[in-house]
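# Observations on chain architecture
What follows is each chain in one-letter form.
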Amino acid sequence: MAELEGLEFGKSDFVLLDEVTMEQFMENLKLRFEKGRIYTFIGEVVVSVNPYREMDIYGKETIDAYRGRELYENPPHLYAVSDAAYKAMKRRAKDTCIVISGESGAGKTEASKYIMQYIAAITNPTQRAEVESVKNVLLKSNCVLEAFGNAKTNRNDNSSRFGKYMDINFNFNGDPTGGHINNYLLEKSRVVHQQDGERNFHSFYQLLRGGSNEMLESFHLQSDPAVYTYTREGATTNNDRTSHKAVMSALNVIGFSEEEINSIYQILATILLLGNMQFECDGESVQIVGLEAVNHISELTATDPESVSKSLLYRTVATGGGEVIEKGHSEQDACFGRDAFAKALYERLFGWIVSRINTVIEVKDYNPMLHGKNTVIGVLDIYGFEIFDNNSFEQFCINYCNEKLQQLFIELILRQEQGEYQREGITWQHIDYFNNQIIVDLVEQPHKGIISILDEACLTVGNVTDTVCLDSMDTKLAQHPHYTSRKLSPTDKTMDFQKHFRIRHYAGDVTYSVEGFLDKNKDMLFQDFKRLMYNSANPVLKEMWPDGHLSITEVTKRPLTAATLFKNSIVALVDKLACKEPYYVRCIKPNEMKSPVLFDDARCQHQVAYLGLMENVMVRRAGFAYRQPYSRFLQRYKMTCEYTWPQHLMASDREAVETIVTQHGFQDDVAYGHTKLFVRTPRSLFTLEQERAALIPILVLFLQKVWRGALARMRCRRMRAIYAIMGCYKRYKVKAHFWEVERRFANVRTMADYGKSVDWPTPPAALSQFHNITVMLHHRWWARQIVKNIPPSDMPEVRSKVAALTALSGERKDWGVSRPWERDYLANVRDCPQTSSSFTRVSKELRNKDEYSQVLFSGFCRKVNRFNKSTDRGLLVTDKYVYKLEPKKQNFLVLKRLPLDGFTGLSVTSGVDQMVVLHTSSQDDVLLCLQRGALCPNQDRVGELVGAMVDHFTRSIKRHILLSVCRSGVQLHMRGKLKSVSVETKPGQTSADFKKSRDGFTLFVPGN
Ligand SMILES: Nc1ncnc2c1ncn2[C@@H]1O[C@H](COP(=O)(O)OP(=O)(O)OP(=O)(O)O)[C@@H](O)[C@H]1O
Ligand SMILES: [Mg+2]
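Because the structure is predicted, anything quoted here is derived from the model rather than measured.

So, about the overall build of the protein chain. Each helix and strand counted, the protein chain has 30 helices and 31 strands in total. Against the globule reference of 30 Å for 1008 residues, the protein chain gives a C-alpha radius of gyration of 59 Å, more extended than a compact globule. Considered along the principal axes of its C-alpha atoms, the protein chain spans approximately 180 × 85 × 55 Å. Considering only residue pairs separated by 6 or more positions, the protein chain has 63% of its internal contacts joining residues 24 or more positions apart. Total accessible area on the protein chain is roughly 47600 Å²; 52% of this is exposed by carbon and sulfur atoms.

In structure tokens form, the structure reads like this:
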């Protein structure tokens, strides 16, 4: 039930009308039309009103909205019914058909195209190439068939002048695998004659307006349709040029070869040239005026010109004795023959195009064992019921066809309905409706029907004219309530004597002019033309005329008449439709002006009446307006009853449905079928719908609440679990780290290096601080173990080395760490064998005098004096003073004594030279270069002096002495003046020595 739109758009299903009256029906139809709602349901039938304007309701989003949905889930639409047909076909493997009916211009052809587009859009999701090409050909075939089979009439600018029934075959996947087009009675009389204001078939104008100049030239044509008798009427142009292009491309896509396309247009050209052909009688025989046309026709049809003119002027007749003679035409016969030929050419061309398309789209290589059941959706788009000012044989056939389809509608809709009530065990109440069987009988009944009378007249030898035939009908059908003529109602001046008869069709009274009925029914074409075409050198043309090979003596058997052939084809069509599950689109034409805003009440009401739509609604409602399988009903309305929401506990769905119905007090308004619930009045369903609509927001909120809660709980549980896992894992990592540290360091106490070589395991992030502390602890413990084992006598040396190490902090390359530090080198016999004893004596005196307690360092050096000269000196650093000594033979002379705490810093270089600057607070620094004695002739002593002094200052004086390790020149003050000293290597220099430089001194050291 399509109750998705507000009531301001009217009721989307006519069964929902409060009362089924014509007024209400029309009111609803009009309201919906005015609101742009052109589709309305009657149950499963779609009523469509031609909008006469572009509607934005066929796009991809709309297709998506309808795809796979139930009929009642969306507003009424062609797509809803297409989907229902497709679903029935796919789900239940049922052959279905969509019958589109309505009068001319009501929108049948447009509807059929939208239906095809929908089916094409929803199938073949995997885009298989072969299926895509089938779909493409099916869609493109419309364009070609419309060009050749449609024309402008006074009722419709694009009126179908043929009937079309297209079967689309589907495989078990529901993808189209092929199709077949049946065409019905093309209105070929249009080729030679059109009523005022109408046009010939579009194809002629498309060729003339859209064909290239070369093409037209080669066909001996001019581009102006007014030049040709057959296209003179309605020659005004519209979009023929663009249509021509579209048709050419469609022909290509479908697979017509160049040669075939050319042949098609050659035939059209032939017809146009034939139309202009004139005959004249020179008293004795009839001649063609201007032989040029004959030559052109023979060229276009690939025949010989002689035969062309002969077949136009003569006919071959078989005499009683089996002889064959040639009989010349009268001028009138020649014109008749020419027109018949032109009509037949077009009709065969059209038939050939359809069959050519069919060979392309026919299902190929189908194996039911492999591919499953081959199911079919048929789409019927046939010419609609029509009334013109002058109605001829074609209108008679078209309107008869519509009678048959109306009959089928009544049959199927009633039968379906009745069938359902029977199947479900429901008592069904008969609804009266107008059964048009009586009109169908009037036309087709054997012996008494109009077709029979026509056929009989055609068979009768002698001069039987249309009027004779009319007399015969008047006699035989005088009593028929749906037949009349001027003779039977002499007072009715709307008909002429001997010309008109009238049939009261289901859709209205139509007055037919009997003129031409017999000829059209006989549909005679001289065999000469058939033979001419059969003998054409153009294989395409030859293929269209297979019966041309018969000689005149072989064709004495009378062919079936046009009316009988048509009747047979329509009977076959109806049989074909009747065995399928039908879906109906009932088209209504809102006005005669093709206006998008005009709703002509009287016209519409008339159509509603004759289409039997009111009866349709009544049938649908008389029994029951709604039916739904129990499960679906329950699904939809279970929230309206506490016992069924959210799940019922009853034995069956049916019982649950009963509970809902009883709770709402609808028990008298429903009937229980075997599988479905039947609801009589829409009001009950409305009530349920309203209740449902009110509950839905609450349920939605409730469901949202529950679901959101569930989601949040789930998220919370997951987070907790994540944290628990993370916690356990972290604890495990910490423990694992402890275990690993314990394992690796368990035996460090007994190791030779006390675990210095043991690698620390990488700690987890949480333990990084702990790790740093443990590493430090271990280092300290390790250092303690090392220091513990050092004898006290070695401790000063160790301390000095540690002090030097820290102070130099890796800046100086060589600082003598690896050798034993002797400190008092001047007193050392091994280092200074000649002077040690004298120094020892001097140092003893100084110790007594100056009361220093230990020597921090002593050794020879090169020192710059106050005259900027360098001299050899002895340096003695004690814990109280720094002495400069002059080494004299056998004696040391104290030159200067500087208090130790007057020193503020030391400067050394980062190189291997032995230069040291002792900075003083009085800015009279001491610049010297240590000399190495015999003990360690090539080793560094700077590190030792730095270590001894830094250690002493830190430990005993409790003051830091500044140490700078300079990479380039060293800065110092001498008697308050800033000087800088650089170090240079000098080849040939035997020992390091200072030389005065521009801004201070240069220490030259020996180089290679
Ligand atoms: N759904 C639609 N949207 C827009 N225009 C439409 C629609 N249906 C019909 N029309 C308009 O109405 C015209 C006539 O429609 P259509 O050719 O389908 O009529 P028909 O019922 O097939 O008539 P006939 O019986 O003469 O073939 C179309 O050319 C188009 O202009
Ligand atoms: Mg049509």
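Here the narrative resumes.
Around the magnesium ion (ligand 2), the donor atoms from the protein are Thr109 (OG1) and Ser160 (OG), and they sit 1.9 to 2.1 Å away. With a gap of 51 residues between them, Thr109 in helix α4 (residues 108-122) and Ser160 in strand β5 (residues 159-160) connect regions that are remote in the sequence. Of the residues examined, Thr109 reaches a relative accessible area of 13% and is grouped as buried.

Membership of the largest hydrophobic core comes to 108 residues, with the highest contact counts inside it found for Phe148, Leu221, Tyr346 and Leu349. Apart from the residues within four sequence positions on either side, Leu349 is in contact with Phe148, Ile264, Ile267, Leu268 and Met544. With 89 residues, the next largest nonpolar core counts Leu16, Ile42, Cys458 and Leu613 among its residues.

For the rest of this paragraph, the subject is the site of ligand 1. Ligand 1 sits among 20 residues. The nearest are Asn50, Ser104, Lys108, Thr109 and Ser159. Take Ala106: an N or O atom from its main chain is 3.3 Å from an oxygen atom of ligand 1. A distance of 2.7 Å separates an oxygen atom of ligand 1 from a polar atom in the side chain of Thr109. Protein contact buries 88% of the 630 Å² of open area that ligand 1 shows by itself. If you list the elements that add at least two residues to the shell around ligand 1, you get α4 and β5. Among the elements that line the shell around ligand 1, the one with the most residues is α4, at 4 residues.

What follows is about the sheet that holds strand β12 (residues 375-381). Taken together, 7 strands build an open sheet; the order of strands is β1-β2-β16-β3-β12-β6-β7 and the sheet is mixed. If you trace the sheet from one side to the other, it starts and ends with β1 (39-42) and β7 (176-184), each paired once. Looking at each pair of strands side by side, their axes are set apart by 20° on average, direction ignored. Relative to β7, strand β6 (residues 163-170) runs antiparallel, the two sharing 8 bridges. Bridging from a neighbouring strand, Lys164 pairs with Asn183 of β7. On top of the sheet, helix α5 (residues 129-149) reaches β6 and β7; it is set at about 20° to β7, its chief contact.

This part takes up the side chain of Ser82. Counting through the fold element by element, Ser82 comes out in helix α3 (residues 78-92). Not counting residues within four places of it along the chain, the set of residues in contact with Ser82 comprises Ile98, Ile115 and Tyr118.

The next point concerns the domain arrangement of the protein chain. Parsing the protein chain into structural domains produces domain 1 (627-746), domain 2 (747-789) and domain 3 (794-1006). The C-alpha centroid of domain 3 is placed 38 Å from the C-alpha centroid of domain 2.

Another aspect to go through is the packing of α4 against α5. It is the contact of α4 with α5, at a shortest axis distance of 9 Å, that shows an interaxial angle of 165°. The angle between α4 and α5 places the two elements in the roughly antiparallel class. Crossing of α4 against α5: the hand is left-handed. Contact with α4, carried on its side by Thr109, Lys113, Met116, Gln117 and Ala120, involves Lys135, Leu138, Leu139, Asn142 and Glu146 of α5 and no other residues of that element. Among the residues making up the contact of α4 with α5, the classes are represented as 4 nonpolar, 3 polar and 3 charged.

Ordered by their spatial adjacency, 4 strands build an open sheet running β28-β29-β31-β30, and the pairing between neighbours is mixed. The sheet is open, and its two edges are formed by β28 (970-974) and β30 (993-997), each paired on a single side. Put simply, the sheet's adjacent strands are angled 35° from each other on average, direction ignored. Sheet topology note: the β30/strand β31 (residues 1000-1007) ladder contains 5 bridges and is antiparallel. In the strand pairing of β31, Lys996 is matched with Phe1001.

Under the definition given, this model contains 50 salt bridges. Its salt-bridge partner being Arg190, residue Glu198 comes within 2.9 Å of it at the nearest N-O pair. When its relative accessible area of 3% is taken as the criterion, Arg190 is described as buried. Asp850 serves as the salt-bridge partner of Arg897, at 2.6 Å between the closest nitrogen and oxygen. In this pair, Arg897 is assigned in strand β23 (residues 891-899) and Asp850 in helix α29 (residues 836-850), connecting sequence segments 47 residues apart. Since its relative accessible area comes to 39%, Arg897 is described here as partly exposed. Several salt bridges share partner residues, and in doing so they unite Glu103, Arg155, Lys589, Glu592 and Arg603 into one network.

A contiguous patch of positive charge, built from Arg866, Lys896, Arg975 and Lys977, is present on the exposed surface. Residue placement: Lys896 occurs in strand β23.

Rules used in this analysis
Position numbers for residues count from 1 along each chain, tracking the sequence in the order it is written. Labels follow written order: the first chain is A, the first ligand is 1, and so on. Only residues with pLDDT of 70 or above have their local features reported here, since the model is predicted, and side-chain atom pairs are shown and tallied only from 80 upward, although totals for entire chains, interfaces and linings are computed over all residues. Hydrogens and water molecules were not included; the side-chain quantities draw on all heavy atoms of the structure. We count a stretch as a helix when DSSP gives it H or I for four or more residues in a row; a strand needs E for two or more, and each element gets its number in order from the N terminus. Just to be clear, the radius of gyration here is over C-alpha atoms, and the globule rule we use is 2.2 Å times residues to the power 0.38. Between two residues, a contact is recorded if the distance between any of their heavy atoms is within 4.5 Å. Accessible surface is estimated by sampling points in the Shrake-Rupley manner with a 1.4 Å probe; for residues, cover comes only from the protein chains shown. Coordinating donors are taken as N, O and S atoms within 2.8 Å of the metal, stretched to 3.2 Å for Na, K and Ca; because water is absent from the atoms, sites can appear incomplete. For each residue, the accessible area found with a 1.4 Å probe, counting protein chains only, is set against the maximum for its type, and the residue is called buried under 20%, exposed over 50%, and partly exposed in between. Residue types Ala, Val, Leu, Ile, Met, Phe, Trp, Tyr and Cys, when buried and joined through side-chain atoms within 4.5 Å, form a set referred to as a nonpolar core. Residues are classed as near a molecule or strand on a simple rule: at least one heavy atom within 4 Å of it. Throughout this description, a polar contact denotes any pair of N or O atoms lying within 3.5 Å of each other; where both atoms belong to protein, one of them has to be capable of donating a hydrogen while the other can accept it, and for residues adjacent in sequence the pair is counted only when both atoms sit in side chains. A pair of strands is treated as paired once DSSP finds two or more bridges between them. Simply put, an axis is a line fit to the C-alpha atoms, just over the touching stretch for a helix, and the angle between two N-to-C directions goes from 0 to 180 degrees. An automatic or database domain assignment supplies the residue ranges for each domain. To sort the angles, those under 35 degrees are grouped as roughly parallel, those over 145 as roughly antiparallel, those from 65 to 115 as roughly perpendicular, and the leftovers as oblique. Each crossing is labelled by how the near helix is turned from the far one, with a counterclockwise turn of less than a right angle marking it left-handed and a clockwise turn marking it right-handed. Here the term charged refers only to Asp, Glu, Lys and Arg, the term nonpolar to Ala, Val, Leu, Ile, Met, Phe, Trp, Tyr, Cys and Pro, and the term polar to all other amino acids, Gly among them. Salt bridge criterion: a side-chain nitrogen from Lys or Arg within 4 Å of a carboxyl oxygen from Asp or Glu. Within this analysis, patches are made of residues with over 30% relative accessible area and no salt bridge. Like charges are joined at 9 Å or less; nonpolar side chains (Val, Leu, Ile, Met, Phe, Trp, Tyr) at 5 Å or less. Under the convention used here, Asp and Glu are negative, Lys and Arg are positive, and both His and the chain ends fall outside the count. Charge positions are represented by NZ for Lys, CZ for Arg, CG for Asp and CD for Glu.

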